[in-house]
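What the coordinates show
The primary structure of each chain is shown beneath.
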Amino acid sequence: MTGFTAPAALALAGALAFGAAPAATAHPAPDPLARYHHQHLVWKSCRLGPDDDTGKELEKAGARCADVTVPLDYDDPRGRTITVAISRIEAADTAHRVGALLLNSGGPGGQTIGDPPWVRAAMKDVGRRYDVVGVDPRFVGRSTPMDCHWPTGSAIRGPGHDRAGFDRSTALAARLARDCRKFEGDVLPYVTTRNTARDMDVIRAALGERRISYLGYSYGTYLGQVYATMFPGRTDRVVLDGVADPGRYGPRLLRGSEPANRHALRDWAAWAAARDTTYGLGGSRQAVLAVVDRIQAAAERAPLRVGDYQVDESSTLMVVFSGLSQDDDTAYGAFAAAVRDLRAAADGRSVDPSPWLADTLRFLLTGSESAYGSVQTAVLCGDVAAPRVPDTYWRDVQRARAQDPLFGPVTNNIGPCAFWEPPRERPTRIRDDLPALLVNATGDPRTVYEGAQAVHRGWPGSRLVTLRGADQHAVFGVYGSACVDATVNAYLSTGRLPAADVTCAATAR
């Protein structure tokens, strides 16, 4: 799949078997993916209809869209095919064009086709020298779809406060795995990072590029590492933001993030306390944290009524967990309003949930985003095997609960991968060195800073850009650090990594 051929070895075997045969002229082995590598892309409007806001933004930015045909199973390239949707804003400065910059915004399961406009804006003048390409990975968004018809958008849940709650969580995980086998069993073996990387290389070839540059966030940093490992020599400038440590990647990748999430919660609580007149959650950090604990205790006694939703102890944990990834006033304010609503529900009052809380509960407690959770889980389960004995998770939950009663049970809980078929391929052994620019905030509660440090230690040729003092997941073009953005753009402009690691301070509020 990586283009490796062995004509010399074949010629040697022939000479041993038929010593009198004349020498044959060596010819390159035929490319089994030639029909995909040389396909003609039909560029079209990105708007799917009058209500397509993503398409409108892409059209406004001058983007065009196309569907790339790829094999479902790369071991059977003549078999079933699927499509991968891409968007592209072409380089305006063609005289100094660098090439194509492929994007992945994470997930797994996240749509990226709509990202070129804001990434192009974050790149400032250097963006004029790139074709900025958004990709909805296989089975995501506008690509060939996959949906297990779940009653939720996420398989991640808290396990409850006792064994009965954990058993309910186990039953849900088993049901979600069963639904995926029922509705998407024929494609599940091919929903993997390695196949997504193979799709990326087909996109590279179909675009006519010898090499591609890459910007990946969160899970997209792992995808970038896998691509660079499977297709050495086909990357140019690589930026990995919110770095996933491949040594920790898999269905249980959130384990170990409890301290970072606790730190983020405490920082948010201090922010809310300073705005007690606005949110009324308490005038000190401890008072605000006590409100969170009171909500959780109330949900453990009985589900909270929030609008049309019954929010149990598992879901309240996920609301808190979901509220901590962006370190800015807008995200903090939305989370504070949600906590205020949950406190009112815990007090027995009627609640009309604030917009962020309503969206979060819709995501968690309805099937409106089933496709997202389905793909996310399928990729994680398809990449790395998980323990299959529920008691393993129960013991881990109990140990983690003793260290952090709020986050420990969530990050160690059982999920559908415990009931999944084993992966078809071994996990990718990531290459020893990649000359990439790594970006991470010290307080990142999703891809923790220690993971970025571990990747950096393994790649002596890389450079690490640290955003110090921010509880932020994804930095370049998102957080608003002029220091980080300028460092990334200088690298994308020149192709030269900084002479040394770079540390940037968090934005003062």
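These notes cover the structure that comes with them. (Residues numbered from 1 in each chain as written. Predicted model: local features only at pLDDT ≥ 70, side-chain atom pairs only at ≥ 80, totals over all residues. Heavy atoms only, no water.)

1. Notes on the overall build of the protein chain
In plain terms, the rule: By definition, any uninterrupted DSSP run of H or I lasting at least four residues is a helix, any uninterrupted run of E lasting at least two residues is a strand, and each is numbered from the N terminus. Radius of gyration: over C-alpha atoms. The globule rule applied is 2.2 Å multiplied by the number of residues raised to the 0.38 power. Think of it in three bands: residues with accessible area under 20% of the maximum for their type are buried, residues over 50% are exposed, and the middle band is partly exposed, with areas taken using a 1.4 Å probe on protein chains only. We call two residues contacting when some pair of their heavy atoms lies within 4.5 Å. For the accessible areas, the method is Shrake-Rupley and the probe is 1.4 Å, while residue cover comes only from the protein chains on display. Residues scored as positive are Lys and Arg, those scored as negative are Asp and Glu, and His as well as the terminal groups of each chain are ignored. The location of each charge is read from NZ of Lys, CZ of Arg, CG of Asp or CD of Glu.
The secondary structure content of the protein chain amounts to 18 helices and eleven strands. The C-alpha radius of gyration of the protein chain comes to 24 Å, within 12% of the 23 Å expected for a compact globule of 509 residues. Here the protein chain holds 509 residues, and the buried ones make up 55% of them. Contacts spanning at least 24 positions in sequence make up 75% of the contacts within the protein chain whose residues lie at least 6 apart. For the protein chain, the accessible area works out to roughly 21900 Å², and carbon and sulfur atoms hold 52% of it. Where the 58 positive side-chain charges of the protein chain centre and where its 57 negative ones centre are 2 Å apart.

2. Let's talk about the sheet that holds strand 11 (residues 502-505)
Quick reminder of the rule: We treat two strands as partners when DSSP finds at least two bridges between them. As a rule, the C-alpha atoms of each element are fitted with a line to give its axis, helices using only the stretch in contact, and angles between N-to-C directions run from 0 to 180 degrees.
Judged by pairing direction, the sheet is mixed, and its nine strands sit side by side in the order 1-2-4-3-5-6-9-10-11 without closing on themselves. Bordering the open sheet on either side are strand 1 (64-71) and strand 11, each of which pairs with just one other strand. Averaged over all pairs of adjacent strands, the angle between their axes in this sheet comes to 20 degrees, without regard to strand direction. Here four bridges tie strand 10 (residues 463-468) to strand 11, and the two strands are oriented parallel to one another. Bridged to Leu467 within strand 11 is Cys504. Along the sheet face, helix 6 (residues 193-206) touches strand 1, strand 2 (81-89), strand 3 (99-104), strand 4 (130-136) and strand 5 (212-217) and points at about 125 degrees away from the line of strand 1. Strands strand 3, strand 5 and strand 6 (235-241) of the sheet are contacted by helix 7 (residues 219-230), whose axis makes an angle of about 150 degrees with strand 5.

3. A few points about the side chain of Asn489
As a reminder of what qualifies: N or O atoms closer than or at 3.5 Å make up a polar contact, with two conditions inside protein: a donor-capable atom paired with an acceptor-capable one, and, for residues adjacent in sequence, both atoms drawn from side chains.
Looking at where Asn489 falls in the secondary structure, it is placed in helix 18 (residues 482-494). Relative accessible area serves as the criterion here: at 11%, Asn489 is assigned to the buried category. A polar side-chain atom of Asn489 sits 3.0 Å from the main-chain carbonyl oxygen of Ala122. In this view, Asn489 contacts Ala122, Met123, Lys124, Val126 and Phe476; residues no more than four positions away in its chain are not counted.

4. Section: the side chain of Ser315
As for its placement among the helices and strands, Ser315 is situated in helix 11 (residues 313-322). When sequence neighbours within four positions are dropped, the list of residues in contact with Ser315 reads Leu364 and Leu365.

5. Let's talk about the packing of aromatic side chains
Spelled out, the test is: Each Phe, Tyr or Trp ring (for Trp, its six-membered ring) is paired with any other whose centre lies within 6.5 Å, and the angle between the two planes then decides the class: stacked below 30 degrees, edge-to-face above 60, tilted in between.
For the structure on display, the rule yields twelve aromatic pairs. With 5.3 Å between their ring centres and 50 degrees between their planes, Phe166 and Trp394 make a pair best called tilted. Residue Phe166 is located in helix 5 (residues 163-184), and its partner Trp394 is located in helix 15 (residues 390-403); the two are separated by 228 residues in the primary sequence. Trp394 shares its class with Phe166; the two are buried.

6. A short note on the pairing of strand 5
Buried residues dominate strand 5, accounting for six of its six residues. Residues of strand 5 alternate between two faces, with Ile212, Tyr214 and Gly216 on one and Ser213, Leu215 and Tyr217 on the opposite face, all of them buried. Taken together, the four bridges between strand 3 and strand 5 define a ladder with parallel strand orientation. Each residue of the ladder has a partner; that of Leu101, found in strand 5, is Ser213.

7. A short note on the state of the cysteines
Each disulfide is one covalent bond, formed between the sulfur atoms of two cysteines. Counted only if it meets this: When the sulfur atoms of two cysteines come within 2.5 Å, that pair is taken as a disulfide.
Taken as a whole and assessed by the stated rule, the structure comprises four disulfides. One disulfide bridge connects Cys148 with Cys180, the sulfur atoms lying 2.0 Å from each other. Its torsion about the S-S bond being 100 degrees, the disulfide of Cys148 and Cys180 is classed as right-handed. Taken together, the positions of Cys148 in the loop between strand 4 and helix 5 and Cys180 in helix 5 put the pair 32 residues apart, joining distant regions of the chain. Judged by its relative accessible area of 0%, Cys148 is buried. When its relative accessible area of 0% is taken as the criterion, Cys180 is described as buried. Each sulfur of the disulfide joining Cys381 and Cys417 lies 1.9 Å from the other. Given an S-S torsion of about -90 degrees, the disulfide between Cys381 and Cys417 has left-handed geometry.

8. Structural notes on the nonpolar core
Just so we agree on the cut-off: Within this scheme, the nonpolar core is defined by two criteria: the residues are buried Ala, Val, Leu, Ile, Met, Phe, Trp, Tyr or Cys, and they are joined through side-chain atoms within 4.5 Å.
Within the largest apolar cluster, 73 residues are counted, with the highest numbers of intra-cluster contacts made by Ile86, Leu102 and Met146. The element best represented in this core is helix 7, accounting for seven residues. The contacts of Leu102, once residues within four sequence positions are left out, are Val133, Val135, Met200, Ile203, Leu207, Ile212, Ser213, Tyr214 and Leu215. In terms of nonpolar packing, the next biggest core, distinct from the first, is built from 42 residues, Ala272, Val291, Ala298 and Val306 among them.

All quantities given are derived from atomic positions and should not be read as evidence of function.
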